[in-house]
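Fold and geometry: a report
Here is how the chains run, residue by residue.
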Amino acid sequence: MEADNRITGKTKLMGVIGNPIEHSISPQLHNTLNKMLGLDFVYVPFRVETGALQDAVKGLKALGLVGFNVTVPYKNDVLEFLDETTEEVKIVGAANTIKNAGGRLYGYNTDTEGFARSFKEDSGTGFEGKKVAVLGAGGAARAIAVKVASEGAAGISIINRTVSKAMEIAGIINSNIGTGTDCYRPEDSGAAEALFESDIVINTTSIGMFPRIDECPVDKNTVFREEQIVYDIIYNPVKTKLLKKAEESGCKVINGLGMLFYQGIYAYEIWTGLKISEEKLREAYACFVKILGK
Ligand code: NAP
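First things first, this report covers the structure right here in the doc. (Residues numbered from 1 in each chain as written. Predicted model: local features only at pLDDT ≥ 70, side-chain atom pairs only at ≥ 80, totals over all residues. Heavy atoms only, no water.)

1. Topic: the overall build of the protein chain
Of regular secondary structure, the protein chain possesses ten helices and twelve strands. Relative to the globule expectation of 19 Å for 294 residues, the C-alpha radius of gyration of the protein chain, 20 Å, shows essentially globular dimensions. The dimensions of the protein chain, computed from C-alpha atoms along their principal axes, are 65 × 40 × 30 Å. Burial statistics for the protein chain: of 294 residues in total, 49% are counted as buried. Here the contacts in the protein chain between residues at least 6 apart in sequence split such that 69% fall between residues at least 24 apart. Working note: accessible area of the protein chain is about 14,300 Å², and carbon and sulfur atoms make up 51% of it. (Helix = DSSP H or I, 4+ residues; strand = E, 2+ residues; numbered from the N terminus. Rg over C-alpha atoms; globule rule 2.2 N^0.38 Å. Buried < 20%, exposed > 50% of the residue type's maximum accessible area, 1.4 Å probe, protein only. Contact = heavy atoms within 4.5 Å. Areas by Shrake-Rupley, 256 points an atom, 1.4 Å probe, with all protein chains shown as cover.)

2. Comments concerning the environment of F46
Tracing the backbone through its elements, the reader meets F46 in strand β2 (residues 41–47). For F46, the contacting residues outside a window of four places in its chain are G15, V16, I17, G18, I21, L60 and L65.

3. Examining the site of the ligand
What surrounds the ligand is a group of 19 residues, the closest being A140, N160, R161, T162 and K165. One of the backbone nitrogen or oxygen atoms of L260 is found 3.3 Å away from an oxygen atom of the ligand. Expressed as a share of its isolated accessible area of 910 Å², the protein-covered part of the ligand is 73%. Put simply, the parts of the chain that give the shell around the ligand at least two residues each are α5 (139–150) and α9 (257–272). Classifying every residue of the shell around the ligand by side-chain character gives eight nonpolar, nine polar and two charged. (Near = heavy atom within 4 Å. Polar contact = N/O pair within 3.5 Å; in protein donor to acceptor, adjacent residues only side chain to side chain. Nonpolar A, V, L, I, M, F, W, Y, C, P; charged D, E, K, R; others polar.)

4. Remarks on the sheet that holds strand β12 (residues 252–254)
The strand order across the open sheet built from six strands is β9-β8-β7-β10-β11-β12, with neighbouring strands paired in parallel fashion. The sheet terminates laterally at β9 (181–184) and β12, the two strands that pair on one side only. When strand polarity is set aside, the average angle formed by the axes of neighbouring strands in this sheet is 15 degrees. One ladder, built from three bridges, connects strand β11 (residues 229–232) with β12; its direction is parallel. (Pairing = 2+ DSSP bridges. Axes fitted to C-alpha atoms, helices over the stretch in contact; angles between N-to-C directions.)

5. Focus on the packing of aromatic side chains
Each aromatic ring pair is summarised here by two numbers: the centre-to-centre distance and the angle between the ring planes. For the structure shown, the criterion picks out eleven aromatic pairs. Judged by centre distance (6.1 Å) and plane angle (35 degrees), the ring pair of F119 and Y231 falls under tilted. Note that F119 is positioned in helix α4 (residues 110–123) and Y231 in strand β11, a separation of 112 residues in sequence. Each member of the aromatic cluster is reached from another via a ring pair, and the members are F261, Y262, Y266, Y285 and F288. Above the ring of F196, the side-chain terminus of R225 is found at 5.4 Å from the ring centroid. (Phe/Tyr/Trp six-rings, centres within 6.5 Å; stacked < 30°, edge-to-face > 60°. Lys NZ or Arg CZ within 6 Å of the ring centre and 35° of its normal.)

6. Quick look at the pairing of strand β5 (residues 97–101)
Within a regular beta strand, the side chains point alternately toward one face of the sheet and then the other, so they alternate between its two faces. Here three bridges tie strand β3 (residues 67–70) to β5, and the two strands are oriented antiparallel to one another. What sits directly across from N69, in β5, is T97. Here five bridges tie β5 to strand β6 (residues 104–108), and the two strands are oriented antiparallel to one another. Residue pairing for β6: N100 is matched across the bridge by L105. What sits between β5 and β6 in their antiparallel hairpin is a turn of two residues, with G102 showing a positive phi close to 60 degrees.

7. Brief notes about the side chain of T272
Looking at the element boundaries, T272 is found in helix α9. A polar side-chain atom of T272 sits 2.8 Å from the main-chain carbonyl oxygen of Y268.

8. Points about a nonpolar patch on the surface
Taken together, the side chains of M209, F210 and I213 make up a nonpolar region of the molecular surface, amounting to roughly 300 Å² of accessible area. Considering the arrangement of structural elements, one finds F210 in the loop between β10 (200–203) and β11. (Patch = residues over 30% accessible without salt bridge, like charges linked within 9 Å, V, L, I, M, F, W, Y side chains within 5 Å. Salt bridge = Lys/Arg side-chain N within 4 Å of Asp/Glu carboxyl O.)

9. Description of helix α1 (residues 26–37)
In an α-helix there are 3.6 residues to a turn, and that puts residues three or four apart on one side. In this model α1 runs 16 Å from its N-terminal to its C-terminal C-alpha over twelve residues, within 8% of the 16 Å that 1.5 Å per residue would give. For α1, the full list of buried residues reads S26, P27, L29, H30, L33, N34 and M36. On its buried face, α1 sits against β1 (12–18), β2, β3, α9 and α10 (278–291). At the exit of α1 stands G38, carrying a positive phi of roughly 65 degrees. (Expected span 1.5 Å × (residues − 1).)

10. Some details on the sheet that holds β6
Across the sheet, which stays open at both edges, the six strands sit in the order β2-β1-β3-β5-β6-β4 with mixed pairing between neighbours. Of all the strands in the sheet, just β2 and β4 (84–85) have a single pairing partner and so form its edges. Sheet topology places β1 next to β3; four bridges connect them, and they run parallel. Pairing of V16 across the sheet is with N69, part of β3. Along the sheet face, α1 touches β1, β2 and β3 and points at about 170 degrees away from the line of β2. Against the sheet, α9 contacts β1, β2, β3, β5 and β6, and its axis sits at roughly 5 degrees relative to β5.

Next up, the structure:
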C-alpha cells in the first residue's frame with residue numbers, strides 16, 4: 001500500500017457549516033479547486049446542531065481555518081459572531097462566506113455576486129433599467145432582490161405566499177436603495193400583471209425542486225412573452241417545470257447551476273486571495289457539472 005501524503009502537518013483547512021450538510025456539494029467543488037490549483041488546503045463539511053452555532057464558530061476560529069461557508073439555517077444567525085462584514089451583508093442580513101484573518105472573522109455574501117455573474121453570462125444582459133419579478137421571499141430572494149436593486153433595476157415585484165416576508169424585503173430595499181418594490185400574493189391579480197410586464201422573472205422558491213418536479217411556482221394560466229428572461233435558482237432538476245413552460249413560450253431560460261458554481265468560486269478567491277483564470281474556471285465548471293452528474 002502507498003502512503004497517503006495528501007494531508008500533512010502543513011495542510012490548511014476550509015469548510016462549511018450547516019444542518020443538514022450531507023447533501024452539500026461544496027466539499028467536492030472546493031477540493032477540486034484545491035487539486036486543480038495545487039494548493040495544500042482541504043475543505044470539510046461540519047454539521048452543526050441547533051444551539052451549537054456559537055461554539056462551532058469559536059471552534060473553527062480556534063482551529064485556525066482559513067475560512068468557511070455558512071449554509072441553511074445559519075446564514076443570518078452567524079452575523080452576531082463576526083467581527084466585520086461588508087455593507088452588502090448588513091443590508092441583506094446574511095453571510096455565506098467567512099474569512100478568518102488572524103483570528104478576526106470577516107463576513108461576505110457571495111450568493112449575490114454568484115447569481116449576478118451567472119445571470120449576466122447566460123443572458124448576455126444585466127439588470128439596469130429592467131423590471132424584475134422575484135418569486136419567493138426567503139433567504140435567497142432577499143440576496144437576489146437586493147443585488148438586482150443595487151444594480152439599477154427599474155422596479156421589482158416580489159410575489160410570495162407569505163406576503164409579510166415580501167414586504168420585509170421591500171422595506172430593506174426601500175430604505176437602503178430606493179428601488180420601487182411591490183409585493184403580491186401569488187393569487188393577487190396584480191401578481192399576474194407584474195409577471196407579464198416584467199423583463200426578468202426569477203424563481204427563488206423551492207417549488208419544482210427534486211423530488212417534487214411536477215410543481216410550478218406560477219399558475220397554469222400564466223403566459224410568458226418571448227422577450228422575457230426566466231431564471232430559476234433551482235439546479236435539480238436542470239430544467240424545472242417553470243423553465244420548460246417559459247421555454248415553450250420562446251423565453252431565454254437559465255437554471256441555478258451557475259449561481260451555485262460562482263458563489264463557491266468567489267468564496268474560494270476570498271479565502272486564498274487568488275484570482276482564478278478564465279481557463280481554470282472553464283475547467284472547474286466542467287468538473288463541477290460532472291460532480292452533479294448533469
Ligand atoms: P427559504 O429561505 O426557506 O425560502 C423558501 C421560499 O420558497 C419562501 O419564499 C417560501 O414561501 C417558498 N415556498 C417554499 N415552499 C412553498 C410552497 N409549497 N408554496 C409556496 N411557496 C413556497 O429558502 P432559500 O434559502 O431562499 O432557498 C430557496 C431555494 O433556492 C431552494 O430550492 C434552494 O435549494 C435554492 N437555492 C439555490 C442556490 C443556488 O446557488 N443555485 C442558492 C440558494 C438557494 P414562504 O415565505 O411563504 O414560506
